[in-house]
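# Structural overview
What follows is each chain in one-letter form.
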Amino acid sequence: MSSGKHVVLAFDSIHDVIKAEKIIVRHGIWCDLIPTPRELSSDCGMSIECRTDDLPDLESLRENGALEWRDIHRPE
Amino acid sequence: MVHVGANPGRSGHRLSAQAARIVFDTRQGLAELFGVSDSRQIVFTSNATAGLNIALHGMLGPRDHVVTTSMEHNSVMRPLRHLARERGVRITVVAADREGRVDPAAIREALEPKTRLVAINHGSNVVGCIQPIAQIKEAIGKVPLLVDAAQTAGSYPISIERDGIDLLAFSGHKSLLGPAGTGGLYVRPELDLPPLVRGGTGSRSESDQQPDFRPDKYESGTLNTCGIAGLGAGVRFILERGVETIHNHEMNLLDVFLERLRRIEGVVLYGPSSTEARLPTVSLNVEGKSPSQVGGLLDKRHDIMVRVGLHCAPDAHRTIGTFPDGTVRFSAGALNTTDEMEQAVAAVDEIARS
Ligand SMILES: Cc1ncc(COP(=O)(O)O)c(C=O)c1O
């Protein structure tokens, strides 16, 4: 998550992380579980890294209620 | 599992993630089995007793009133008696009939303006009768209902959201076929229930306040991940076979068992006489012999292990008229066979003749 190519999704609990991971993978979108970066305070130990290119797809999953996240971090 | 010795959610590495996936899958399986749409409302505990304690301590404040039944296990009655001493909680115990059944109308009549909870043992661990949970909830309206499903989870259909159940505690090591040291509690999302234990959750680590989101709110400290993995395997087995199929199988075993036992002279059977709304749990006595004598002979001579005595439920034995000696209790499960039931009958027959 060192470049603008990736975004990081943050969640309240590890339960929410695993749930989101399953949904993202099921939709054929690449993602990776990473230790929560320092910039994102107030979170559980893990976050989900996704490609910035996939953000529109992720946003539409979120809009239709299939996917939830608490916070999104977009590195400059 | 051998390779997943990490703590779910405490760190960002692969093994921790794998452990978290196992916990997640087990939680999802339980939600599916119990008819719960969001599995976050199910929290893991070390057994049913721990879940019941969260519910009872969290729901009952100073001088609140609670309604329960004469069929409860000590894991409900002892916390309630403690709360009566400590918080002035008032307890009404509704008596069941001789077969162990509780009338929903009698529960409704016991309600008072300050009734904060109705606590019901779904399936009796002494005589196997099932209480009509949906009718009881209908009868009590908005008063929260706590169901002790220690005996029914995995062997009798449970539909939490459809039946309006507010709280439900279950054991992992009985009919859910999981290992000892597993269990859980369902908490209806609208209930503002404080946790009993607070501590580290792996989430909101910068805060010294307990998180208020689920499941973390009720799951402080390291979970029994190995046990939960085993419980997950049990739940998968049940979902694949179907809880109705398991229940029907158990009722077939019970039919064989009861029908043959009735023919043996000197055997006294307790509880419901039919297989209607019940579990394959049978309490009996052999005339002229104490429960412990019968239990000892079954074990030593016949390799059949049963539990004798009061089964942690003295009031249930008062209800069926077997206090203080208790009974010999047999119970069948998903993996038992008709053959084994016949062997058990033959053993009881031999003991009754001796
Ligand atoms: C009706 C009932 N409630 C509660 C319990 C306690 O269950 P656990 O051992 O999981 O705490 C039992 C188990 O014996 C039971 O039969």
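One can find the structure itself at the top, above this paragraph.
What comes next concerns the included structure.

What counts and what doesn't
- Residues numbered from 1 in each chain as written.
- Chains lettered and ligands numbered in written order.
- Predicted model: local features only at pLDDT ≥ 70, side-chain atom pairs only at ≥ 80, totals over all residues.
- Heavy atoms only, no water.
- Axes fitted to C-alpha atoms, helices over the stretch in contact; angles between N-to-C directions.
- Helix = DSSP H or I, 4+ residues; strand = E, 2+ residues; numbered from the N terminus.
- Parallel < 35°, antiparallel > 145°, perpendicular 65-115°, else oblique.
- Contact = heavy atoms within 4.5 Å.
- Nonpolar A, V, L, I, M, F, W, Y, C, P; charged D, E, K, R; others polar.
- Buried area = accessible area lost by both parts, 1.4 Å probe.
- Salt bridge = Lys/Arg side-chain N within 4 Å of Asp/Glu carboxyl O.
- Polar contact = N/O pair within 3.5 Å; in protein donor to acceptor, adjacent residues only side chain to side chain.
- Near = heavy atom within 4 Å.
- Areas by Shrake-Rupley, 256 points an atom, 1.4 Å probe, with all protein chains shown as cover.
- Pairing = 2+ DSSP bridges.
- Buried < 20%, exposed > 50% of the residue type's maximum accessible area, 1.4 Å probe, protein only.

### Let's talk about the packing of helix α1 (residues 14–26) of chain A against helix α1 (residues 14–34) of chain B
The geometry of α1 of chain A relative to α1 of chain B is characterised by a closest axis approach of 9 Å and an angle of 85° between their N-to-C directions. In terms of orientation, α1 of chain A lies roughly perpendicular with respect to α1 of chain B. Residues Ile-14, His-15, Ile-18, Lys-19, Glu-21 and Lys-22 of chain A of α1 of chain A pack against Ala-17, Ala-20, Arg-21, Phe-24, Asp-25 and Arg-27 of chain B of α1 of chain B. Looking at the contact of α1 of chain A with α1 of chain B, its residues break down into five nonpolar, one polar and six charged.

### Considerations on the interface of chain B and chain A
Taken together, the contacts link 21 residues of chain B with 19 residues of chain A. Summing the contributions of chain B and of chain A, the shared interface buries around 1,600 Å²; its carbon and sulfur component is 56%. There are five salt bridges connecting chain B and chain A. Applying the counting rule to chain B against chain A returns eight residue pairs in polar contact (both at pLDDT 80 or more). Residue composition of the side of chain B that touches chain A, grouped by class: five nonpolar, nine polar and seven charged.

### Section: the site of the ligand
All names here are of chain B. The local shell around the ligand holds 13 residues, among which Thr-49, Asp-148, Gln-151, Ser-171 and Lys-174 are the closest. For the ligand, an oxygen atom lies 2.9 Å from a polar atom in the backbone of Ala-48. Note that an oxygen atom of the ligand is positioned 2.6 Å from one of the side-chain N or O atoms of Ser-171. Contact with the protein chains covers 89% of the free accessible surface of the ligand, which is 390 Å². Counted by class, the shell around the ligand contains two nonpolar, nine polar and two charged residues.

### A look at the sheet that holds strand β2 (residues 65–69) of chain B
Residues and elements named next belong to chain B. Judged by pairing direction, the sheet is mixed, and its seven strands sit side by side in the order β1-β7-β6-β5-β4-β2-β3 without closing on themselves. Only two strands of the sheet have a single neighbouring strand rather than two, namely β1 (42–45) and β3 (90–94). Each adjacent strand pair in this sheet contributes to an overall mean axis angle of 20°, direction not counted. Here β2 pairs with strand β4 (residues 115–121) via three bridges, running parallel. Bridge pairing links Val-66 to Leu-117 in β4. Each of β2, β3, β4 and β5 (145–148) is contacted by helix α3 (residues 74–87), which is oriented at about 145° to β3, the strand it contacts most. Sheet contacts for helix α5 (residues 133–140): β4 and β5; angle to β5, the most-contacted strand, approximately 160°.

### Considerations on the pattern of salt bridges
Residues and elements named next belong to chain B. Summed over the entire model, instances satisfying the criterion amount to 20 salt bridges over all chains. A salt bridge links Glu-342 to Arg-260, with the shortest nitrogen-to-oxygen separation between them at 2.6 Å. Residue Glu-342 is found in helix α11 (residues 338–353), and its partner Arg-260 is found in helix α8 (residues 243–261); the two are separated by 82 residues along the sequence. Taking the relative accessible area as the measure of exposure, Glu-342 reaches 32% and is therefore partly exposed.

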